[in-house]
Amino acid sequence: MLSGTSSGSSEFLKYAHFRVHPRPDGSPWTLGVGGMGLTYKAFDTRLRIDVALKVIHPAKLGDPDAQRLFIREARAAARVSHPNVASISFLEERESAGAVFYAMEFVDGLSLHSWMRRHGRPRLGQALGFAEQAAHGLSAIHEQQIVHRDLKPPNLMVVQYQGDHPRFRALTASGGCLVKIIDFGLARSSGAPLSPDFAEPDAPLPTTGFRGTVAYASPEQCEEEPDIDGRSDLYSLGCILWEMLAGRPPFVAPNHREMLNQHVSCAPPWETLKNVPEPVVEVLRRLLAKDRTERYHDATGAAEAIVGARRAAGDAVLAPAAVPIGTAGRLKPNSSVSNDARPSEPPPTQRTSSPSTPGGTHITVNLPSRWWIGALAAVVLLAGVVAWAFVARHSRLPPPVAAPVAADPAAQKRTVAVMRFTTVGNDSESENFADGMSEDMLNSLGKIRGLRVVSVASVERRAGGTSEKRDLVGELGVGSVLEGSVRRQGTRFRITTRLNDARTGQQLWSDSYDREAFDAFEIQRTVANEIARALALNLSPGEQEAIVQRPTASAEAYDLFLKARNLQRSGTRTESLQSEVVSLYERALQLDPNFALAWAHISKAHGTVYWFAIDKTPQRIARARGAAETAIRLQPALADGHVALGSALSYQDRDLDRALEAFRVALAIAPGNAEALDAAAHILRRKDRWEEGLVMFRESASLAPDDANKVSALATHLSAMRRYAEAEPIFKRATEISGGNAYREIRYWSCVADRTGDWNIYVSKARELAGRVPPDRRWRVQWMTRDFRAALETIRALPGDDVAAALQRVPKSLLFGRLHRALGEETQAQACFQDAFSKVRAQAEANPSDPGWQMKLADAFAGVGDRENALAMGEAALRLMPETRDGVAAHQLMEEFAQVCADVGAVDRACELLSRILHVEYRLGLLEVRNSPSFDPLRGQPQFETLLRGRL
């Protein structure tokens with residue numbers, strides 16, 4: 001029986017006799033979120049032990065196929081009993097009990113992926129020990145005629161013991177670590193038929209379509225062969241061993257399709273293993289053989305070969321690795337996680353499994369955890385940074401923004417581009433309806449798990465004729481194009497839709513509908529079913545239900561919603577437009593308070609107003625969070641609601657862990673949701689998981705390659721990673737598809753300058769384009785190009801007494817003070833700083849936990865010449881935002897504090913801060929530090945000149 005309360009007590013959530021542990025804030029302790037379910041840390045009140053409780057996803061309740069698959073997972077895992085495999089202790093399969101769930105062993109450790117992120121690559125002997133244990137676990141799994149199909153570092157748990165634990169002396173070669181295999185979400189039968197009490201004869205098995213994590217998938221998985229056996233898991237084990245030895249999997253690519261191709265047809269880069277002993281390389285050659293018959297016959301043979309390789313490689317690899325500094329006994333708890341899950345990040349007191357990226361790409365930087373202690377650590381850090389930079393810049397070619405053509409024709413066939421629906425006539429209501437129809441079709445199709453949908457914005461500029469449609473095949477890997485038109489006749493609409501083959505132009509299906517405007521939802525359901533039928537896709541009952549669900553019962557409310565959404569999509573951030581957007585949503589919700597989609601979008605509107613400092617009050621972000629929670633309460637399986645909640649959580653308290661969890665839920669509901677991908681990528685970046693964020697940014701941009709915002713986000717991310725050569729063409733593309741947006745063009749020239757080291761390129765182009773940049777951004781360009789007088793006039797002409805600066809609204813007088821000082825007008829500067837000081841101080845005192853306002857107060861103290869308080873306040877602001885909480889925000893504060901330190905003559909501290917942010921992924925590059933007016937007070941100082949020469 002499922003029960004719950006909204007309090008923060010330990011009774012927050014129950015499943016039968018299992019009580020879900022609450023987090024400190026009272027929310028359920030979620031360990032993982034995947035396409036099939038959610039995994040909680042829970043307490044078994046009968047056995048009185050902690051367990052990992054996996055509950056079927058709410059969107060899957062009522063879906064018999066999904067429930068059968070979920071139950072198969074539990075029964076598959078329960079058949080296996082082995083020390084290297086997590087065990088199952090309970091299954092509740094009756095939906096009438098309130099939920100379908102099972103309890104599994106709570107593994108008290110870290111996933112192998114998290115372990116490597118924390119400790120770096122294991123020693124050779126330890127890596128072989130880990131692989132040997134995994135092979136033994138696979139042997140037990142395969143004995144039960146089960147293939148795991150999703151073996152990867154997040155699904156291998158590592159339990160660390162201090163020294164030689166008396167019960168696990170055999171683990172010496174693994175450095176005192178016990179390895180356990182978890183997560184049977186993609187397991188399937190092989191060999192002999194399963195017993196009747198395990199398999200249901202009429203249950204459809206997921207034997208078609210790619211299943212697994214692409215970075216660790218065998219060639220036969222990539223080619224979707226139906227007869228997968230245990231040797232597929234051995235290939236995955238080879239990929240994991242490779243990653244432990246080399247710091248990355250054998251194949252890394254910008255998108256799924258390219259990586260699938262590499263597994264099938266490309267040789268691994270054996271040259272990267274030149275320092276690995278030949279016996280170990282020979283094991284990898286067998287494990288990674290393209291032809292499964294050339295791999296080890298079974299997992300036991302693989303385990304024996306690994307032991308033999310360790311012995312043949314010499315006694316040095318047998319020495320146990322030291323227990324990491326700070327580890328006493330066991331590490332903090334961790335748990336098994338759900339199938340294909342991207343586990344949620346923990347609160348500060350616990351580290352859980354880090355997810356695989358959508359592309360399965362992991363880059364492990366083998367740096368010591370406390371690099372700043374001692375001269376030796378500094379040397380190791382420098383070597384690690386140089387090595388990482390070399391790998392990042394030279395181990396891959398700059399990938400295209402759009403995904404390349406899939407080698408698998410079936411995968412290409414299942415990629416559909418949704419065109420913007422056209423209208424007959426110039427009626428604005430018809431335009432709104434057509435835009436809404438095409439976007440809603442995109443969202444409906446995005447809920448079909450076997451379909452990849454390219455967004456409206458990405459194709460509306462091209463594909464106007466036959467040749468352009470064929471271009472989609474080459475550029476986007478599109479197999480078919482959905483087009484539609486809308487004709488309005490009074491209160492009725494005639495809607496025509498057609499699906500064409502993108503290569504040949506052959507019509508695959510078409511139909512016309514004469515309906516009242518509000519019957520559009522029924523049309524969407526019909527079209528989605530027809531497309532699925534045309535592409536030979538079988539929709540599950542859950543997908544059918546998700547597609548058919550009407551967002552509102554009010555035609556008028558829906559019309560207001562469409563108007564607001566179209567304004568919201570424009571990207572304009574002015575206060576007047578955002579107010580109009582909010583007003584339209586409010587009117588829609590007055591007509592239908594149960595309109596969940598409108599609640600989700602008004603939440604996003606409130607979040608935009610808050611984030612871009614139009615209204616940076618607690619009340620505004622509370623409205624955003626409340627609206628998102630209302631949307632989810634009304635419609636739990638609404639992806640937009642979870643995206644809105646994630647955004648609000650990240651904006652309000654920078655609760656990045658729960659925000660990421662919300663985005664993962666959204667992606668579990670709608671895997672092709674580009675907005676959720678983009679939002680999750682931004683969070684991963686803030687959590688210092690740049691490579692994972694990069695994969696998500698790439699996927700988001702590939703789904704919408706003509707969406708300037710998403711393309712620009714990818715370019716910005718690459719630029720912050722100092723990968724200017726890759727970022728430059730993507731910035732250029734963002735400029736082109738935004739119609740020559742001047743600000744984006746300036747960002748492109750800034751990237752060119754960073755790549756070439758020629759600051760004059762940026763200055764000349766930025767001055768030429770500044771007049772076309774909106775005033776709220778123009779003054780920043782004028783500051784950087786030292787056009788201080790023009791910047792004064794630009795700011796003075798802006799409405800109001802304050803202006804947005806670094807996502808914070810500050811008094812204009814604070815900026816005036818800086819500009820007058822830069823012009824040498826000290827008297828005017830002092831007057832401005834004095835005026836700004838009282839205003840900033842009032843805000844800082846009213847918001848004592850806001851690091852942004854505390855840093856602005858440090859700036860104001862510096863402006864009026866109070867060196868002691870400026871430095872103290874700046875240090876206090878940094879303590880409020882450590883790098884572990886939000887890396888991007890922390891580095892932004894470091895940059896601001898470096899400017900404060902420069903202003904008050906604290907040269908050593910300024911250079912220390914700049915050195916730190918120049919050695920991590922961040923927007924600020926060495927060229928800007930060398931030329932920015934913000935650091936003029938440091939010029940000529942020996943420490944600063946040493947920094948500029950790259951020696952600090």
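Residues numbered from 1 in each chain as written. Predicted model: local features only at pLDDT ≥ 70, side-chain atom pairs only at ≥ 80, totals over all residues. Heavy atoms only, no water.

**With respect to helix H7 (residues 278-287)**
Two residues of an α-helix separated by three or four positions point the same way, owing to the 3.6 residues in each turn.
Part 1 of the argument: Of all the residues in H7, the buried ones are Val280, Val281, Val283, Leu284 and Leu287. One side of H7 carries all its buried residues, which in axial view fall inside an arc of 155°.
Part 2 of the argument: Check the buried side of H7 and you find it contacts helix H3 (124-143), helix H5 (230-246) and helix H8 (299-312). (Buried < 20%, exposed > 50% of the residue type's maximum accessible area, 1.4 Å probe, protein only. Helix = DSSP H or I, 4+ residues; strand = E, 2+ residues; numbered from the N terminus. Arc of directions from axis to C-beta. Contact = heavy atoms within 4.5 Å.)

**What to know about the sheet that holds strand E11 (residues 156-160)**
Part 1 of the argument: Strand order across the open sheet formed by three strands is E9-E11-E12, with antiparallel pairing between neighbours. Of all strands in the sheet, those bounded by a partner on one side alone are strand E9 (110-111) and strand E12 (177-181).
Part 2 of the argument: Taken together, the two bridges between E9 and E11 define a ladder with antiparallel strand orientation. The residue of E11 that forms the bridge with Leu110 is Val158. (Pairing = 2+ DSSP bridges.)

**What about the nonpolar core?**
Part 1 of the argument: Ranked by size, the top nonpolar core spans 121 residues in total, and within it Tyr762, Trp779, Phe897, Leu914, Val929, Leu938 and Phe944 carry the most contacts.
Part 2 of the argument: Here this core gets 10 residues from one element, more than from any other, and that element is helix H34 (residues 887-904). (Core = buried A, V, L, I, M, F, W, Y, C linked by side-chain atoms within 4.5 Å.)

**Some details on the packing of H5 against H7**
Part 1 of the argument: Direction vectors running N to C along H5 and H7 enclose 145°, while the axes themselves pass 8 Å from each other. Like other packed secondary-structure pairs, H5 and H7 cross with a definite hand, here left-handed. Contacts from Leu234, Tyr235, Gly238, Leu241, Trp242 and Leu245 in H5 reach Val280, Leu284 and Leu287 in H7.
Part 2 of the argument: Of the residues that constitute the contact of H5 with H7, the class distribution is eight nonpolar, one polar and no charged. (Axes fitted to C-alpha atoms, helices over the stretch in contact; angles between N-to-C directions. Left-handed = near helix turned anticlockwise from the far one by under 90°. Nonpolar A, V, L, I, M, F, W, Y, C, P; charged D, E, K, R; others polar.)

**Looking at the packing of aromatic side chains**
Part 1 of the argument: The full count for this structure, using the stated rule, is 15 aromatic pairs.
Part 2 of the argument: Geometrically, the ring pair formed by Trp759 and Tyr762 is tilted, given 4.9 Å between the ring centres and 45° between the ring planes. Note that Trp759 and Tyr762 are positioned in helix H27 (residues 759-769) at a spacing of three residues, about one turn of the helix. The pair formed by Trp759 and Tyr762 is uniform in burial state, with each residue classed as buried.
Part 3 of the argument: The ring of Phe816 carries Arg796 above its face, with NZ or CZ at 5.2 Å from the centroid. (Phe/Tyr/Trp six-rings, centres within 6.5 Å; stacked < 30°, edge-to-face > 60°. Lys NZ or Arg CZ within 6 Å of the ring centre and 35° of its normal.)

**Focus on unusual backbone geometry**
Part 1 of the argument: In this structure, Arg48 is a non-glycine residue whose phi angle is positive, near 60°.
Part 2 of the argument: Structurally, the position occupied by Arg48 is in the loop between strand E5 (37-44) and strand E6 (49-56).
Part 3 of the argument: Note on Arg48: relative accessible area 59%, which makes it exposed.
Part 4 of the argument: For Arg722, which is not glycine, the phi dihedral falls at a positive 65°.
Part 5 of the argument: Among the structural elements, Arg722 can be located in the loop between helix H24 (708-720) and helix H25 (724-737).

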